[in-house]
Every structure is written in C-alpha cells, then in structure tokens.
Amino acid sequence: MEFTVDKERFRRSIQQVSTAIPTRSTLPILNNILIEVKDSKMFLYASNMDFSIRGLVDVESVENVAFTVPGRSVLRILSTLEVPVIKIVYADRVTTVKWDKSEYTFPSLDPLEFPKMKEFHEEKSVTVDTSALLTGYDLVSFCAAKDDPRPFLNGVLLEIDDGELRFVASDAHKLALFVKKIEPADTKIEAILSTEVFDFLRNAEEPQVSLAQDKGIFSFSFTTSKLVTRLIEGPYAPYKEVIPKEEGSCFRISLRDIDGALRRIQEVVSQNNFVIEWTLSEGGSMINGISESGKATEYLTGEYKGDDLRIGFNVKFLHEIVRRIKSEEVLFYFYGPKLACMIKPAQETDYETLYLLMPVSLE
Amino acid sequence: MNKKIMLVDMDAFFVSCEVAARPKLRGKPVGVCTGPQRGGVVASVSYEARKYGVKAGMPTFKVRDLCPGITLIPADAIKYAYISDSIMEYLKNKFEKVEIFSVDEAFIDVTNVKDPIEVGMEVKDHIKKTFHTPLTIGIGPSRVIAKMACEVSKPDGLLEIKESELLDKLGHLEVYEIPGIGERSGEALRSMGIRTVQDLWEVDEGLLTRKFGIRGKWFKDLAMGKDTGFFTLLENGAPLKSIGHSETFPRDIIDEEEIKNYTLYLCEKVGRRLRKHKVMGYGISVYIRYYDFTGNGISRKFAKPLFTTSEIYNSALFLLNQIREIKPVRLIGVSVFALAPVKIQLSIFNDDCKEVRLERTLDKINDTYGDFTVRRARLAGMQSIHHAIPPRGIPR
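Bear in mind the structure is a predicted one, so any value in this text is a computation, not a measurement.

J.: Let's hear about the overall build of chain B: which residues, and what values?
T.: Helix and strand counts for chain B come out as 14 helices and 12 strands. The buried share of chain B, taken over its 396 residues, is 52%. Surface summary for chain B: the accessible area is close to 18700 Å², and the carbon and sulfur share equals 52%.

J.: Talk me through the pairing of strand β4 (residues 51-58) of chain A; I want residue IDs and the actual numbers.
T.: Look at any regular strand and the pattern is simple: side chains alternate between the two faces of the sheet. All names here are of chain A. Sheet analysis places strand β3 (residues 41-47) next to β4, joined by 7 bridges and oriented antiparallel. Considered in β4, the bridge of Tyr 45 is made with Arg 54. The turn joining β3 and β4, which pair antiparallel and follow one another in sequence, is formed by 3 residues; a positive phi near 80° is taken by Met 49.

J.: Quick rundown of the interface of chain A and chain B? Include the residues and the values.
T.: By convention, interface size is frequently given as the accessible area that disappears when the constituent parts associate. Between chain A and chain B, the residue contacts involve 26 residues of the former and 19 residues of the latter. Of the roughly 2000 Å² buried between chain A and chain B, counting both surfaces, carbon and sulfur atoms make up 61%. For the pair chain A and chain B, the number of links is 0 salt bridges. Between the two partners, chain A and chain B, sit 6 residue pairs in polar contact (both at pLDDT 80 or more). Within the residue set of the side of chain A that touches chain B, elements represented by two or more residues are β12 (174-181) and α7 (315-324) of chain A. Among the residues forming the side of chain A that touches chain B, the class breakdown is 14 nonpolar, 7 polar and 5 charged.

J.: Just give me the short version of the pattern of salt bridges, but keep the residues and values in it.
T.: Scanning the entire structure with this criterion turns up 53 salt bridges over all chains. Put simply, Asp50(A) and Arg230(A) hold a salt bridge, and the shortest N to O gap is 2.5 Å. Within this pair, whereas Asp50(A) is found in the loop between β3 and β4, its partner Arg230(A) is found in strand β16 (residues 225-230), the two being separated by 180 residues in sequence. According to the relative accessible area criterion, Arg230(A) is partly exposed, its value standing at 45%. Linking Glu18(B) and Arg22(B) is a salt bridge whose minimum nitrogen-to-oxygen distance equals 2.6 Å. On the basis of relative accessible area, Glu18(B) is assigned to the buried category, the value being 1%.

J.: Could you give me a rundown of a nonpolar patch on the surface, with the residues and numbers involved?
T.: Residues and elements named next belong to chain B. Together, Ile 365, Tyr 369 and Val 374 give the surface a local cluster of nonpolar side chains, amounting to about 280 Å² of exposed area. As for its position among the elements, Ile 365 is in helix α14 (residues 352-369). A relative accessible area of 30% places Ile 365 in the partly exposed class.

J.: So what's going on with unusual backbone geometry? Residues and values would help.
T.: Cis geometry is adopted by the peptide bond preceding Pro235(A), which originates at Gly234(A) and carries an omega value of 5°. Within the fold, Pro235(A) resides in the loop between β16 and α5 (239-242). Between Lys154(B) and the following residue, Pro155(B), the backbone shows a cis peptide bond with an omega angle of -5°. Relative to the helices and strands, Pro155(B) is located in the loop between α6 (143-153) and β8 (158-160). Positive phi values are uncommon outside glycine, yet Arg93(A) reaches one of about 60°. One can find Arg93(A) in the loop between β6 (85-91) and β7 (94-99).

J.: Describe the sheet that holds β4(A), and please don't skip the residues or the numbers.
T.: All names here are of chain A. Ordered by their spatial adjacency, 8 strands build an open sheet running β5-β2-β3-β4-β16-β15-β14-β9, and the pairing between neighbours is antiparallel. Both edges of this open sheet fall to β5 (65-70) and β9 (125-129), since each of them pairs with a single strand only. Neighbour-to-neighbour, the strand axes of this sheet turn through a mean angle of 20°, independent of strand direction. Note that strand β2 (residues 32-38) and β5 share 6 bridges and pair antiparallel. Bridge pairing links Ile 33 to Val 69 in β5. Sheet contacts for helix α1 (residues 7-17): β2, β3, β4 and β16; angle to β4, the most-contacted strand, approximately 170°. Against the sheet, helix α3 (residues 130-140) contacts β9, β14 (208-214) and β15 (217-221), and its axis sits at roughly 80° relative to β9.

Cut-offs applied
Residues numbered from 1 in each chain as written. Chains lettered and ligands numbered in written order. Predicted model: local features only at pLDDT ≥ 70, side-chain atom pairs only at ≥ 80, totals over all residues. Heavy atoms only, no water. Helix = DSSP H or I, 4+ residues; strand = E, 2+ residues; numbered from the N terminus. Buried < 20%, exposed > 50% of the residue type's maximum accessible area, 1.4 Å probe, protein only. Areas by Shrake-Rupley, 256 points an atom, 1.4 Å probe, with all protein chains shown as cover. Pairing = 2+ DSSP bridges. Contact = heavy atoms within 4.5 Å. Buried area = accessible area lost by both parts, 1.4 Å probe. Salt bridge = Lys/Arg side-chain N within 4 Å of Asp/Glu carboxyl O. Polar contact = N/O pair within 3.5 Å; in protein donor to acceptor, adjacent residues only side chain to side chain. Nonpolar A, V, L, I, M, F, W, Y, C, P; charged D, E, K, R; others polar. Patch = residues over 30% accessible without salt bridge, like charges linked within 9 Å, V, L, I, M, F, W, Y side chains within 5 Å. Axes fitted to C-alpha atoms, helices over the stretch in contact; angles between N-to-C directions.

In structure tokens, the structure reads:
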C-alpha cells in the first residue's frame, strides 16, 4: 500500500503531535507515532499516557491502513528535507519513506499496542483565542511547583466562567493570577492542567481553540488537531482566600530600576543564600544582601506610602515575578513582615495580572 | 615562627576500647562489626587481624574466610563515645588549641611547645595508662604532614617530620597516600608519570593546573606540607561548608523499600545536624556504592533551601533514582552543602511552617530521650539504627 503526502503539512503535523512523545519511556510503542490512513485522511497519534495528541493531514490513498513510525527520527529527517511531496509505502510491517531516489525504512510496531486516545462528548465546549491562552499561561506558569508532593501545585488552574478566563499557578511560596474578560459562554471550565500540555498550543496555526471538559478529562481542539489530557486531581488550593482584599502599604517604582537592582544584588547573594532584606519607610527604601561572597546595599528610587517595614525575600523568586511584569512601573503592596506581598503592574492592559510572594522570616 | 601541628590518632580505636575491657584478647585478631555478626561489616580491626589481609569495611563473612580465628565484637557506640570524650577532655585541658577532628583523632597546635616530642611521649603515656588504648602521634608543619607522619609510624608510634626532612622521610610515598588525594586523582597523576611525593615536588605547577585546574596547585601544596585547609575542622568557629552522613549497610541491599528506608535514616541524621547547627542547605549530593565496589554520585543546587528531613529525603531520593543501577547496594551517602543561616521561606497555604515546627519538636524529644525515640513510620521496623557508630566529625 502506498500514498503521497505534502511533505510540509506532514512535517508540521508530526511536529505538533510529537510534543506528546515522552523523553524517556519504558514502553517502546510510546516513542512512536501511530499513523492511521482512512478515507484519504491521515490521522497521526502520539501519547505519553498522561495526554495524547491527534493530527490530521489529507493524503491521496485508496486503502485504509495503520502503522507506526519512530516519531522524533522521522521529524528530524523531514526537517532537513526540501522536496514538496513524499511517498509512504507500507508493506509487511515495514514503512518506507521515499522521495526522488532516496528512501528510509522503519519496522512498524503493532498498531493495536498503541494506547487509545480517550474520546468524550464535547457538546459543551467553549472557544477562546489561542493567543490569550498562551499569554495567560506564560505569565503564570513559572509560579507552578516542579515536584511538590501536592500534585495540584505542579499544574496550572484554568478557569472559565462569568465571562472571565483565569489562570492560577502557585508553588505555595509565590502565586500568580491572570484574568482576561472574554465573551460569556454557557460552559464553565475548571481544570488543573499539567504544564506540559501547553506546548501543543504553540505549534498551532489557528487563532481560536475549542476547550471541553468532562469529569477527569480535558481537550484542546483545532480543526486539524486535538489534545486530550487527564486532569490533575483537585481541588486546587483556595487561592481567592489568600489574595488580600485591601491595598496595604504601597511602594511604586519603575520596572527598570527594580529589575536592575535585583539583577545586581543576585551577584552577591545567589552564591548560596538567596535572602535579601528590604527596608521601607517614607524617607527611603533600601535592599541589603549578604553572603560569603560579599555584601550589597541598593537604595531604591521608588515612592513608599505606609508604616516602616523590614521584610525578607528570596531574591530569585522576587526577580522571577518582576521579570514578568509588562508595565513601566510596578506596585508592591505590603501587609506585614510575615504576610504575602502583592505585586501588580501599575499600567493597565487588556488583562489583569497579580502576584503574591511570601516573605522569608528574618528572625 | 613555623607552625607545628601534632595529630593524636588512636590505633584501631574501637577494637582498642574492646580489648581494654577484655585484656585476654590483647595480641589476638579482633574486629568490631556493625550490624548483625553474620552479614555485617567490620568497622575496626586489630593489627593482628590486618596481617591476614582483613581491612575495615569488609563484610564479616569475608573476614572469617581470611582469618578464621578472629573474635568479632558488636559495636558499642556509647562506650566509644564515652572514652573518646574523656580523651578529648584530657587533651583540651592540657593544650590551648585542640581541634577534635573525629571520634579518634585530634589536631593540636604545638607551635609554641618547646619540645613537642617530649610532650608527645607524655600524652602517649598518660592515655595508655589511663585508658589502656594505644595511639600514634605525628608531628609536622601542617595537618596533612602530621597525618602522614602518623600513617608511616603506626601502630604505637611517635614521629616528627620537620620541613627540611619532608623529602627524605616522605618523598618515597605514593601520591595517593597523601591525605586529600584519593585513588582516582592518584591514578590520574600516575598516568602523567607522577608516582611519588617527590615527583609531585618536582613537577611544574603550571602543568598540574592545566590538567586539574585549581586542584592541581592544591595537590602540590599538600605534598609540600603547606596548610591547604584540608583537615581543618570548621565546626569550631569557622562556618560549616557541608553536613553529610554515609553508612555501609549491615548487608548488601537491593529491595527498593529497604533502600528508601536507609536513605530516610541518613536524611534524618543529616537533617538533625542541620537543625542543630541552625543552618539550611541550598545543595545536596548523594553517593551510592554497590556490592562490587563500583559507585557514582550526583549533586544538585536548588533555589529553595533544604531544612526539614522530608525536604532532604525527597531531594535525595529524586537524585538517587537518577543514578541508581539495579544491583545490590552497599553504601549510600547524603550530604547537604551551600549552607546558610536558617531563614524560613513562609508558605502561602501555611503547610510548610507546620512541618518545620513538627520537626523541631521531634528533635527536642529525641535530644532529650535519645536518637530515634520518635521516628517516622518508615523507620519503625529498622533494627540497625541501634548499631550506628559515631560519624566522622565531632563524636556527638
């Protein structure tokens, strides 16, 4: 059985589905992509058991067939290839990829061994801008934990209701919230998603994506591709309860100044101790850092309104937040030396972001 | 005035303590073993047993094969710590500057002592008469040379090596016999044709630096008797650089759960010492050695410091799983480094601080009523923790 396929479409589809191929797997089948040709349509599947991706490419074929190919190898081969069309031949459990006089053959594993993609009724779905999802994710995901024993902290919370798209991520020391107004929809979404699934959106070309959720399963769907993932078990931490309702003592500073100060001070404190001591009063504000490699004092130019305060922070965490602020000025709201500091951009955009950072106890 | 360091090093200390209590064993092959007598390892062996090829760290079954007449005695950590404390107390009363380096070694600054050999004789006589434990004393211009003087004059020796005599007395030694240059570095030096201490003296420093980086200069300094800081005990005054604990298991283990248990046990020990010294670590290293004496290690630094036993355990296990091969394990070591004074990162959801408070409370109970009086459920059935010998470092 043989058929031809547009090389560039095939490559792009493999690239999109291959984000589901695990880096290391004890199951050899998972290093492969399952290809199903059915009624002149080629479906490509990749899975790491937590999530699966399906891609679709039109082909010229008269027969229906299913086989597997080693995903990453084929992608690398196609990436350096400059031909418009390739021919794929499948016979006796061997797949051959051909163009001009060149050909590559791969033994196919049993397609029946490939894990089935979970399907569910998606009548209730909601459509949002792909770019809005990616912006929200990029502004919060760095706050998610990496290997916290509480699984929900290792993911990001995606909520859609009341005409709002919300992203929340936290590692229990810092928390990020992103809110954007969207067209109100009947369907509500509340899903804790692994940070790995969002790479799928980056490879997409369509401006809008459809989201659907059913019990423990969630999907992102485009016209020609789809990702289905297991949800991380919740409930998520009660983030609304920990966001201060009042504004507290406020420190306003230019983003450039605070970013520069934090970058410089890390040269001293980052050797083996990330703690800085921030002293604030209406007369002036300064940050001190001390470690084996030296001592640093930065006087800050910003304006402070509130009670005198001495507070400690992990400078790495603080700088991670400041680096994500998209505004000329930053607002820091303080509530006490042992309470979370709220950090916001001073200038408005078409979405809201808010960060919380817990201090380091200096006592 | 040139510095003079004296090292007081007890000979086969654990065995000597046992022989002092059982004089009939004097002059016979004796070993002190950890863990059960069958399946454990020997922690210390008498010089009579060493003649048969028995070495510390050998499994007891192998020891019995080599030396069938050996008397094996289970380790009694409390006894050794008591005798060590008494000896160290005597040294501290006699000298101004004493650094207790381990349970059976102490460095003494004797720069201002008129006749260190005579004083060394006094120390030897007093300890032998009071505690009936033999010892060796090495004197040199640095800690490393004092240690080498001890090594070449053991057992029951006393030797001073002056700066001018270094080449005559130590020049013939192989490079890996210099404390601080292990077998691997020794092998690398040998591959460059540098076999002895004298070769290391004569080799161009630039050549060493090109091959080993900053360690190259350090190797040369060690050989030439310069005080490099190696063997400097940092717990007395200067800041600690790392806190670690390793243990050879009573028998080789392969069971996943048992490996986890031992790892937790080691992490608990490291955690308690971290909390005792009021420091936390931004890095952790793990070392594993297998039954065939092969091994490997891994280190990692984190943005969030390690302080509680659970944090150390989770990180250690994560690293261990990255390097562990599926074969019987003989030893695991866990060490926390990049230490800094305790400053607790507070938690938004208020769970982490609860754990810190819980661990501090457990430490208080165990400090009062003895190690592992209250222990994690995973350690509930572990017997071998009672056989633990004081780690290298301050006895308790």
